[in-house]
Amino acid sequence: MEILKKRIDVAAKRTPADLVIKNAQIVNVFTREILVDDIAIVDGFFAGIGDFEGFETIDANRKYIVPGFIDGHVHIESAMVTPSEFANVVLPHGVTTVIADPHEIANVNGVEGIEFMLNASEGIPLDVLMMLPSCVPATPFENAGAILDHTQLEPLYNHPRVIGLGEVMDYPSVLRNDDKMLHKLTTALFKEKHIDGHAAGVDADGINVYMAAGIRTDHECVTADEALERLRKGMYVMLREGSAAKDLLALLQAVNENNARRCLFVTDDKHLDELIEDGSIDYNIKLAINDGLDPLLAIQIATLNAAECFGLRTKGAIAPGYEADFLIIDDLHTIKIDQVFKSGKLVAENGKVTNTSISKLTPSPAITDSVKLRPISMEQLQIKIANESKANIIKIIPNMIVTKHLIEKVDSLNGRFQYNLEKDLLKIAVLERHKMTGNIGLGIIKGLGINNGAIASTVAHDSHNIVAAGTSDEDIVYAITLTNEMKGGLVVVQNGELVASLPLPIAGLMSDQSATNIHERLKELNQALIKIGCSMEFNPFVTLSFLALPVIPELKLTDIGLFDVKEFKHIEVGL
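Residues numbered from 1 in each chain as written. Predicted model: local features only at pLDDT ≥ 70, side-chain atom pairs only at ≥ 80, totals over all residues. Heavy atoms only, no water.

### A word on the overall build of the protein chain
Inclusion rule: The secondary structure listing takes helices from DSSP runs of H or I that are at least 4 residues long and strands from runs of E that are at least 2 residues long, numbered from the N terminus. Two things to know: the radius of gyration comes from C-alpha atoms, and the globule rule equals 2.2 Å times the number of residues to the power 0.38. Throughout, exposure labels follow a simple rule: accessible area from a 1.4 Å probe, protein chains only, divided by the maximum for the residue type, with under 20% read as buried, over 50% as exposed, and the rest as partly exposed. Residues count as neighbours in contact if any of their non-hydrogen atoms are within 4.5 Å of one another.
Assigned secondary structure in the protein chain consists of 16 helices and 30 strands. Relative to a compact globule of 575 residues, whose C-alpha radius of gyration would be 25 Å, the protein chain shows 24 Å and is just as compact. In the protein chain, buried positions account for 62% of the 575 residues. Sequence-distant contacts, at least 24 apart, represent 69% of the contacts inside the protein chain between residues at least 6 apart.

Below, the structure is given as structure tokens:
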């Protein structure tokens, strides 16, 4: 009561504000206009806009005051850093709130992984709101480290930062009214929580099903037509620009004055090096503005739209009664950020955080010892192919997480697939690494671009088994072995020698090092990738990580085998 009383007193000008920003050009996201006025802040909230006095004053020098940006859908684990290090990276880019889905670590460590992310994001200068993973595992056609049902998820809704059910990617279970899925959906709806969608490749009839089930968002559009279909059905469309999926420019073709209020920006999965070098939601805004979108509309999409989508009634705007999360920027077209304020306190300036957030949370042994793999031999990597036969092949589409299903003639010897570097036909393997089942899925991949060597990773959406690909069985086996020995991470090998690596001891997904140190190791990895022949037109590790995700069309690979996403079943490699 006293806090509210004080805020009203400041608004009524009976009491000075804690902080007043003067001489500011305020971006009003409600009306999309620029207002010149004072801004009064008390106890981390805006109290008024007008003519105010305060104990502390900042002269904005006619610079623009913009609400803090909101990332509407992100997997922090994909940046390979802990939540506190993630905050250090995105705060200088103006992101003050994220809607995070910890389903990466949940697929490895279940409820313990979710709790780790909640605890690790407590008390940091970034608001990390959580969506509970809906699909662990993503489908019944692979083996993850955990299985989560509604009884395990329900108690977690009591956490104040848990606001909904994360991306529902198992569309067939929704379509057929699967009891387990219905329980998860019903629990979320009963608790008046938000439900995120994942409608990759879902047609108009499928969008009807999702909307009827209470699912209100989708971040898997890749064309303007798909975006329009969802908007017309009442969905919020998440305009994604990540590392593997760079869909924003295509989706902007669907955005106009009539429907933009149902759009928001997201990064989904974005690697640390791109976050540091390019940016986060600020990068989405810049791309949109450069593509011709009105800057005030782009800022509205990045702030108010995202807040309203998730029912965050005190976020996303500079207005009385709203949280004082804001940016001071020089120019509305370049979005050059001078300062970032969180709850009225300066947290980043000139591209750097003012006080580095450091996590003091020590992960449990279950989280740091998550890679369990049986010894692997070259014999186990043999793909049976009849002589002079054709095969089902995974064709990579650069900078997209969808693939093409090719059927081509491949080389074989004694009934076994042979690499063909001229045609860029390489071998890919997915190995179960959670329960030592010994499962190994094998496939043929085209478009990865390696000409001598192999790469392996424990980042393999969403079950996060080990995924490896390369130009020889010897190098693939060695890469897998090294990945296992270092308890998870990324590895590049060539001719039986380690070229570069990045250990990820936290669930095989995240490093316990600083973002700066990880960034340097990523640079070394990129040089190693160039050494083994990758063109770097796209990020090979990011692309590889999505080749094991059997809910994204058209052809993927799980630890059980080659998976046809359109038919939703496993198929043989050879025909």
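Following the structure, the description resumes.
### Details of the UniProt feature "domain: Adenine deaminase C-terminal" (unreviewed entry) in the protein chain
Rules: UniProt positions are given in the numbering used here, feature names are shortened, and annotations may be inferred rather than shown by experiment.
The UniProt feature table records "domain: Adenine deaminase C-terminal" (unreviewed entry) at residues 401–569. The distance separating the terminal C-alpha atoms of residues 401–569 is 19 Å; by composition the span is 22% helix and 33% strand.

### Comments concerning the sheet that holds strand S22 (residues 425–431)
Let me state the cut-off plainly: Any two strands with at least two DSSP-identified bridges between them are counted as paired. Lines fitted to the C-alpha atoms define the axes, with helices restricted to the stretch that makes contact. Angles between their N-to-C directions range from 0 to 180 degrees.
The 8 strands are arranged S19-S18-S23-S22-S25-S24-S26-S27 in an open sheet whose pairing can be described as mixed. The open sheet has two edge strands, strand S19 (403–409) and strand S27 (497–503), and neither has a second partner. Between one strand axis and the next, the sheet turns by 25° as a mean value, whatever way the strands run. Summarising the sheet, strand S18 (residues 390–396) and strand S23 (residues 440–446) pair through 2 bridges and their orientation is parallel.

### Digging into the UniProt feature "domain: Amidohydrolase-related" (unreviewed entry) in the protein chain
UniProt's entry tags residues 64–347 with the feature "domain: Amidohydrolase-related" (unreviewed entry), counted in the numbering of this structure. Helix makes up 35% of residues 64–347 and strand makes up 20%, while its end C-alpha atoms are separated by 17 Å.

### Quick notes on the sheet that holds strand S30 (residues 569–570)
The strand order across the open sheet formed by 3 strands is S28-S29-S30, and the pairing between neighbours is antiparallel. The sheet is open, and its two borders are formed by strand S28 (555–558) and S30, each paired with just one other strand. Two strands pair when backbone bridges link them, and strand S29 (residues 561–564) and S30 are joined in this way by 2 bridges, in the antiparallel orientation. Counterpart to Asp564 in the pairing with S30 is Lys569.

### Points about the pattern of salt bridges
Put simply, the test is: Here, a salt bridge means any Lys or Arg side-chain nitrogen found within 4 Å of an Asp or Glu carboxyl oxygen.
In total, this model carries 33 salt bridges according to the counting rule given. Residue Glu308 is joined to Arg261 by a salt bridge in which the shortest nitrogen-to-oxygen separation is 2.8 Å. Here Glu308 is found in helix H12 (residues 295–309), whereas its partner Arg261 is found in the loop between helix H9 (248–251) and strand S13 (263–266), with 47 residues between them in sequence.

### Comments concerning the nonpolar core
For clarity, the cut-off: Definition used in this section: a nonpolar core is a set of buried Ala, Val, Leu, Ile, Met, Phe, Trp, Tyr and Cys residues joined via side-chain atoms within 4.5 Å.
In terms of nonpolar packing, the biggest core is built from 191 residues, with Ile21, Phe69, Phe86, Leu126, Leu239 and Phe326 touching the most fellow members. Looking at which element gives the most residues to this core, the answer is helix H3 (residues 103–120), with 8 residues. Excluding its chain neighbours within four sequence positions, the residues that come into contact with Phe86 are Val74, Ile76, Ala79, Val81, Val98, Leu126 and Leu275.

### A look at the packing of aromatic side chains
To keep things clear, this is the line we draw: Between 30 and 60 degrees the pair is tilted, below 30 it is stacked and above 60 it is edge-to-face, where a pair is any two Phe, Tyr or Trp rings, Trp via its six-membered ring, whose centres lie within 6.5 Å.
Per the stated rule, a full pass over the model turns up 8 aromatic pairs. When the ring of Phe141 is compared with that of Phe568, the centres are 5.5 Å apart and the planes differ by 85°; the resulting orientation is edge-to-face. Highlighted residues: Phe141 in the loop between strand S8 (127–132) and helix H4 (150–153) and Phe568 in the loop between S29 and S30, separated in sequence by 427 residues. For the ring pair Phe417 and Tyr419, a centre distance of 5.9 Å and an interplane angle of 55° mean the geometry is tilted. Of the residues examined, Phe417 reaches a relative accessible area of 2% and is grouped as buried. Among the residues examined, Tyr419 registers a relative accessible area of 21% and is labelled partly exposed. Among the aromatic side chains, those forming a connected cluster through ring pairs are Phe46, Phe326 and Phe341.

### With respect to the pairing of strand S12 (residues 236–240)
Put simply, the rule is: Here is how to tell: hold the view so the strands point away, follow the path from the first strand over the helix to the second, and if it runs clockwise the crossover is right-handed.
Buried residues dominate S12, accounting for 5 of its 5 residues. Residues Tyr236, Met238 and Arg240 point to one face of S12 and Val237 and Leu239 to the other, with burial holding for every one of them. In this structure, strand S11 (residues 217–218) lies alongside S12, joined through 2 bridges in parallel fashion. Across the sheet, the residue bridging to Asp218 is Val237, located in S12. Chirality of the crossover, the property in question, places the unit of S11, helix H8 (residues 224–232) and S12 among those that are right-handed. Bridge count for S12 against S13 is 4 bridges, and the pairing is parallel. The residue bridging Val237 from the neighbouring strand is Cys263, located in S13.

### Things to note about the side chain of Lys342
Definition in use: The definition of a polar contact used here is a pair of N or O atoms within 3.5 Å, where within protein one atom must be able to donate a hydrogen and the other to accept one, and adjacent residues in sequence count solely through side-chain atom pairs.
One can find Lys342 in strand S15 (residues 337–342). Residue Lys342 is classed as buried on the basis of its relative accessible area of 7%. At 2.9 Å, the side chain of Lys342 forms a polar contact with the side chain of Asp127. Here Ser343 takes part through its side chain, which lies 3.4 Å from a polar atom of the side chain of Lys342. When near neighbours in sequence (up to four residues on either side) are disregarded, Lys342 contacts Thr96, Pro125, Asp127, Lys315, Glu323, Ala324, Asp325 and Val347.

### Topic: helix H14 (residues 473–485)
We count it as follows: By this rule the span expected of a helix is its residue count minus one, scaled by 1.5 Å.
Given a rise of 1.5 Å per residue, 13 residues ought to cover 18 Å, and the 18 Å separating the end C-alpha atoms of H14 matches this to within 8%. Tucked into the core, H14 has its buried residues touching S22, strand S24 (454–457), strand S25 (466–470), strand S26 (489–494) and S27. Of the residues trailing H14, Lys487 is marked for its positive phi of about 60°.

### Quick word on the packing of helix H11 (residues 281–290) against H12
In plain terms, the rule: Any angle from 65 to 115 degrees is called roughly perpendicular, while one under 35 is roughly parallel, one over 145 is roughly antiparallel, and all others are oblique. In this scheme the crossing of two helices becomes right-handed for a clockwise turn of the near helix relative to the far one and left-handed for an anticlockwise turn of less than a right angle.
H12 packs onto H11 with a crossing angle of 150° between their chain directions and a minimal axis gap of 9 Å. As the angle between them shows, H11 and H12 are arranged roughly antiparallel. The chirality of how H11 crosses H12 is right-handed. Of the residues in H12, those in contact with Ile281, Ile285 and Ile289 of H11 are Pro295, Ala298 and Ala302.

### Quick word on the environment of Glu567
Positionally, Glu567 belongs in the loop between S29 and S30. Taking relative accessible area as the criterion, Glu567 reaches 52% and is therefore assigned exposed. Sequence separation of Glu567 and Asp43 is 524 residues, and the distance between their C-alpha atoms is 55 Å.

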